[in-house]
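The lines below spell out each chain.
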Amino acid sequence: MVEIEIDGQKVQCQEGSMVMHAAEQHGTYIPHFCYHKKLSIAANCRMCLVDIEKAPKPMPACATPVTQGMIVRTKSEKAIKAQQGVMEFLLINHPLDCPICDQGGECQLQDLAVGYGGSSSRYNEEKRVVFKKDVGPLISMEEMSRCIQCTRCVRFGQEVAGVMELGMQHRGEHSEIATFVGRSIDSELSGNMIDICPVGALTSKPFRYSARTWELSRRKSVSPHDSTGANLIVQVKNGKVMRVVPLENEDVNECWIADRDRFSYEALNTDARLTRPMIKQGGEWREVDWTTALEYVANGLKGIKAEHGAAAIGALATEHSTVEELFLLGQLVRGLGGDNVDTRLRQTDFTAGSGVRWLGLPIAELDKLDRALVVGSFLRKDHPLFATRLRQAARRGAQVSAIGGANDDWAISLAQRVTVAPSAWAQALGDVAVAIANQLGVTAPCNGTATDAAKAIAASLLSGQNKAILLGNAAAQHPQASVLQALAQWIAGQTGARFGFLGESANTVGAQLVGAQPQQGGLNAGQMLAGKGLKAFVLMGVEPEFDSANPTAAAAAILGAEMVVAMSPFKTAATEYADVILPISPFSETSGTFVNAEGRVQSFHGVVKPLGETRPAWKVLRVLGTMLGLDGFAFETSEEVKARALGDLAALPAKLNNDTPAAITLTGGTGALERLADLPIYSADALVRRAPSLQATADARPPVVSLPQALWAELGLADGAQVKVSQEGGAAVLPAVLDASLPANVVRVPAGTQATSTLGASFGAIRVEKA
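- Looking at an unreviewed UniProt entry, one finds the protein named NADH-quinone oxidoreductase and attributed to Aquabacterium olei.
- The record in UniProt for the protein states the following under Sequence similarities (unreviewed entry): "Belongs to the complex I 75 kDa subunit family."
- In the Function (unreviewed entry) part of its UniProt record, the protein is described as follows: "NDH-1 shuttles electrons from NADH, via FMN and iron-sulfur (Fe-S) centers, to quinones in the respiratory chain. Couples the redox reaction to proton translocation (for every two electrons transferred, four hydrogen ions are translocated across the cytoplasmic membrane), and thus conserves the redox energy in a proton gradient."

**What about the UniProt feature "domain: 4Fe-4S His(Cys)3-ligated-type" (unreviewed entry) in the protein?**
So, step 1. Here, the residues flagged by UniProt with the feature "domain: 4Fe-4S His(Cys)3-ligated-type" (unreviewed entry) are residues 78-117.
So, step 2. In this annotation, residues 78-117 is assigned 60% helix and 0% strand; the end-to-end C-alpha distance for the span is 16 Å.

**Structural notes on a nonpolar patch on the surface**
So, step 1. Side chains of M164, F180 and V181 sit close together on the surface and give an oily, nonpolar patch of about 320 Å² of accessible area.
So, step 2. Tracing the chain through its elements places V181 in the loop between β9 (176-179) and α5 (192-196).
So, step 3. The exposure class assigned to V181 is exposed, which follows from its relative accessible area of 82%.

**What about the domain arrangement of the protein?**
So, step 1. What the domain assignment reports for the protein is domain 1 (278-347 + 517-655), domain 2 (363-501) and domain 3 (674-770).
So, step 2. Contacts between the two partners involve 14 residues from domain 1, matched on the other side by 18 residues from domain 3.
So, step 3. Taking both sides of the interface into account, the surface hidden between domain 1 and domain 3 amounts to around 1,300 Å²; carbon and sulfur atoms contribute 51%.
So, step 4. The largest per-residue losses of area from domain 1 upon contact with domain 3 belong to F546, T552 and F570, which jointly make up 39% of the total buried on that side.
So, step 5. At the boundary of domain 1 with domain 3, the tally comes to three salt bridges.
So, step 6. In this structure, R689 engages E543 in a salt bridge whose closest nitrogen and oxygen atoms are separated by 2.7 Å.

**What to know about the side chain of R344**
So, step 1. With respect to the element layout, R344 can be found in the loop between β17 (341-342) and β18 (371-375).
So, step 2. A relative accessible area of 16% places R344 in the buried class.
So, step 3. Residues in contact with R344, not counting those within four places in the same chain, are E319, F350, Q517, P518, N524 and A525.

**Describing the pairing of strand β2 (residues 9-13)**
So, step 1. Relative to β2, strand β1 (residues 2-6) runs antiparallel, the two sharing five bridges. Within the sheet, the bridge partner assigned to V2 lies in β2 and is C13.
So, step 2. What sits between β1 and β2 in their antiparallel hairpin is a turn of two residues, with D7 showing a positive phi close to 50 degrees.

**Observations regarding the side chain of H478**
So, step 1. Tracing the chain through its elements places H478 in the loop between α13 (473-476) and α14 (481-495).
So, step 2. Those residues in contact with H478 that lie beyond four places of it in its chain are T348, D349, P422, S423, W425, L484 and F763.

**Focus on the sheet that holds strand β12 (residues 231-237)**
So, step 1. With antiparallel pairing, the three strands of this open sheet are ordered in space as β11-β12-β13. Single-partner strands in this sheet number two, and they are β11 (217-222) and β13 (240-246). Here the average twist between neighbouring strands, direction ignored, is 35 degrees.
So, step 2. By the bridge criterion, six bridges tie β11 to β12 in an arrangement that is antiparallel. The residue of β12 that forms the bridge with S217 is V236.

**Quick word on the UniProt feature "domain: 4Fe-4S Mo/W bis-MGD-type" (unreviewed entry) in the protein**
So, step 1. The UniProt feature table records "domain: 4Fe-4S Mo/W bis-MGD-type" (unreviewed entry) at residues 216-272.
So, step 2. From the first C-alpha to the last, residues 216-272 spans 24 Å; its make-up is 9% helix and 35% strand.

**Notes on the environment of E307**
So, step 1. Here E307 is to be found in helix α7 (residues 290-308).
So, step 2. Between the alpha carbons of E307 and F386 there is a distance of 49 Å; along the sequence they are 79 residues apart.

**Focus on the pattern of salt bridges**
So, step 1. Per the stated rule, a full pass over the model turns up 39 salt bridges.
So, step 2. A salt bridge links R380 to D409, with the nearest nitrogen and oxygen atoms 4.0 Å apart. Remark: D409 occurs in the loop between β19 (399-404) and β20 (416-419) and R380 occurs in helix α9 (residues 379-382); sequence separation between them is 29 residues.
So, step 3. Under the relative-accessibility criterion, D409 is labelled exposed at 56%.
So, step 4. Between R690 and E543 there is a salt bridge, with its nearest N and O atoms 2.8 Å apart. Here E543 lies in the loop between β23 (536-540) and α17 (544-547) and R690 lies in the loop between α23 (686-689) and α24 (692-695), a separation of 147 residues in the sequence. For the pair R690 and E543, a shared accessibility class is recorded, and that class is buried.
So, step 5. Salt bridges sharing common partners tie together R346, E504, E543, D547, R689 and R690.

**So, the packing of helix α2 (residues 77-92) against helix α3 (residues 108-116)**
So, step 1. The interhelical angle for the contact between α2 and α3, taken along N-to-C directions, is 130 degrees, at an axis separation of 10 Å. Classed by the angle they form, the pair α2 and α3 counts as oblique. Relative to α3, the crossing made by α2 is left-handed. Where α2 approaches α3, its residues I80, Q83, Q84, M87 and L91 are matched on the opposing element by L109, L112, A113 and Y116.
So, step 2. A per-class count over the contact of α2 with α3 returns seven nonpolar, two polar and no charged.

**Examining the nonpolar core**
Note on soluble globular proteins: their nonpolar side chains tend to be buried together.
So, step 1. Membership of the largest hydrophobic core comes to 74 residues, with the highest contact counts inside it found for F33, M47, I139, F156, L166 and L202.
So, step 2. Elements supplying a minimum of two residues to this core: α2, α3, β7 (139-141), α4 (152-161), α5, β12, β13 and α23.
So, step 3. No other element matches α4, which puts five residues into this core.
So, step 4. Residue-level mapping places this core at the junction of two domains, with at least three residues from each of domain 1 (278-347 + 517-655) and domain 3 (674-770).
So, step 5. Every residue in contact with L166, bar those within four places of it in the chain, is listed here: M141, C153, V154, I177, A178, T179, F180, I185, M193 and L202.
So, step 6. Core analysis: the second largest hydrophobic core is formed by 53 residues, V297, A315, I584 and L652 among them.

**Focus on the packing of aromatic side chains**
So, step 1. Under the definition given, this model contains four aromatic pairs.
So, step 2. Above the ring of F207, the side-chain terminus of R243 is found at 4.4 Å from the ring centroid.
So, step 3. The ring of W410 has R417 sitting right over it, with the charged end atom 5.0 Å from the ring centre.

Criteria and thresholds
- The numbering scheme is per chain: residues are counted from 1 as the chain's sequence reads.
- Reporting in this predicted model follows two pLDDT cut-offs: at least 70 for local features of residues, and 80 or more for side-chain atom pairs to be given and counted; totals over whole chains, interfaces and linings ignore these cut-offs and use all residues.
- Only hydrogens and water are set aside; all other atoms, that is, all heavy atoms of the structure, feed into the side-chain values.
- UniProt positions are given in the numbering used here, feature names are shortened, and annotations may be inferred rather than shown by experiment.
- Here a strand is any run of E in DSSP of at least two residues, a helix any run of H or I of at least four, and the numbering for each starts at the N terminus.
- Patch definition: residues above 30% relative accessible area lacking any salt bridge, with like charges linked at up to 9 Å and the nonpolar side chains Val, Leu, Ile, Met, Phe, Trp and Tyr linked at up to 5 Å.
- With residues, only the protein chains shown are counted as cover, and all accessible areas are computed by Shrake-Rupley using a 1.4 Å probe.
- Here a salt bridge means any side-chain nitrogen of Lys or Arg lying within 4 Å of a carboxyl oxygen belonging to Asp or Glu.
- A simple rule labels every residue: compare its accessible area, found with a 1.4 Å probe on the protein chains alone, to the largest value its type can have, and call it buried under 20%, exposed over 50%, or partly exposed in between.
- In this entry, domain limits derive from an automatic or database-based domain assignment.
- Any pair of residues with heavy atoms lying within 4.5 Å of one another is described as a contacting pair.
- Buried surface area refers to the total accessible area, computed with a probe of radius 1.4 Å, that the two partners give up upon joining, counted for both partners together.
- Should DSSP find at least two bridges between two strands, the strands are regarded as paired.
- Lines are fitted to the C-alpha atoms to define the axes, a helix being fitted only along its stretch in contact, and any angle between axes, read from their N-to-C directions, falls within 0 to 180 degrees.
- Between 65 and 115 degrees an angle is taken as roughly perpendicular, under 35 as roughly parallel, over 145 as roughly antiparallel, and anywhere else as oblique.
- Take the far helix as the reference: if the near one is turned anticlockwise from it by less than a right angle, the crossing is left-handed, and if turned clockwise, right-handed.
- All amino acids are sorted into three groups, where Ala, Val, Leu, Ile, Met, Phe, Trp, Tyr, Cys and Pro are nonpolar, Asp, Glu, Lys and Arg are charged, and the leftover types, Gly among them, are polar.
- Among buried residues, those of type Ala, Val, Leu, Ile, Met, Phe, Trp, Tyr and Cys that are joined through side-chain atoms within 4.5 Å constitute a nonpolar core.
- Two aromatic rings, drawn from Phe, Tyr or Trp (for Trp, its six-membered ring), form a pair once their centres lie within 6.5 Å of each other, and the interplanar angle then sorts them: stacked below 30 degrees, edge-to-face above 60, tilted otherwise.
- Only lysine NZ and arginine CZ atoms are considered, and such an atom sits over a ring when it is within 6 Å of the ring centre and within 35 degrees of the ring normal.

Structure, rendered in structure tokens:
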């Protein structure tokens, strides 16, 4: 530590830090534009010039290291005059369009111009003009004449998103920010460039010209998408969600959010919203009041129970539902005498493990890892903010390795990558275990071969101090998920690494904590959707054609039921198979709780009133339970439900336990063609599927079939060809693309889309022929 003086005040700061950091830590504000605490130092705006004793001229605070005894003056005449001079130059070419600028009211340049700008300009020449650029559906670059070349957006792409999509072209007065050769901005984190732009150059295209910042009320919330549980500020005008921006939380999402967290709010305001209960009578749908709809449901469930028993009733929900909703759904099913309730819709291996699957370490420690092995994950699209933290770890020298079925670009410098067919993932992990056993002189938990790649991963995990082995969504949904888990745990135990699951959805951990899974021998989601004789389904937020591991089998099971109750905020395909549809509130219109991947309990309130006659799902279930005459539904508030569902919050950490009793038995692959199914980032849940701007992005393009080199040649395909893929009696004709990085027997076909909903399981045999 060194001691310096800032404006007459003695302060202690870390040796090697910059004057800006020291001032920030001790509450002294120095004006700046290009400096951002999460980005590298650029020192190109010069707005942070300060007066340092013995320095011949003002120095940039963001790029001047502190030294013992340094005396800094931020408010001296010399400093103020320098800052005013910089401001005058910044305003020379800046257009005078504050009244129509979307950034007006929250613009750094506007604020600092009041303090450091002149009342009139001495510049009488023509201002330069930078032509607008179209970079996609999310970011507007219509008024790039406002840009002050701070390069925050460029550095964000390089250092945080991992993709340099923007850069500076030309020189001097002609400098401008642009994409490369007219490309669009396609990063899943691109919206953060809007937040960090200090002027109105980069603005939100969906929000553009829809409201002024001072007209918006701001309310805290939590993202309902992935397991990060990103903290949000939802901005509202006239009872309508207008914009979503990040709420800074260093332990969870830092100051970033993914684009699906930011732009999915569009779905809340579309015509796809369902606003009144509906009942199908005589093959025709008609709108009814809530009393009629709930009486219909209650009488129908009573009838099914009386005729077939409570075991004939099953309930399925998505893990994007709140703790309160999932708890009451479980109470409803068990109150009727059954136990068929589950949220693991994409899972195929239901081997019971003790405790609750979770991340295994705090989210904030991901970027502090020295070594990491990620198994079965499409990391960058499944968990954009986790990928960001691992990217930062890699930039600091961490060795990140991966085992999976495709060579997707994670924008991370990987130490080792093993790419094999899904059926060989367990063997690949077993090979790593064998290599570790050989190194340590212990007995391996399975048979295997210590390949060169396995030895390299083993050597990586045996070195370093802070290590983790993480199973991704595809690993958790794998037919051998319990074997992958057991192997990963053994490796973690031998190498001193921590082990965990990245987690699929916003409330994957919460669903386990409140028992939204079979507890006493009931059917799991796989059995229910395989058609195990259920006569009634209650679907909460579920779209079986998109959300299940095998959409074809799921559709058949649900169509075969005598009664289907669909609870959803949206008009869905439930009109084809449901008997009654109940409009429930999305996250913005209800209070509730999510438990993120690290086990952090985060509650939130509704930010707007429910649309039309929409009602929070926990209230619907509470009334339905009461109408059915069940005990345990006398709740007045969601806080009461949360207290009953989670109990003593201090006891929750003890329930987080990734142990599994599974035996390790490796089975070799058949060598036949098998499917690798990724879930596109904007097909993952009901909200993103209905957000127009997200559906116009590159990540939402229509699905294609990716084929390995040998199969491409065998079928005699050329660019633009189409193929017919067949699986379990279903088929789809899709465009084909060549992916030479795929293993020879792997065909990649996305799940969760309308075009592929006619196919079978996400993992399994598949047939491909030229269309």
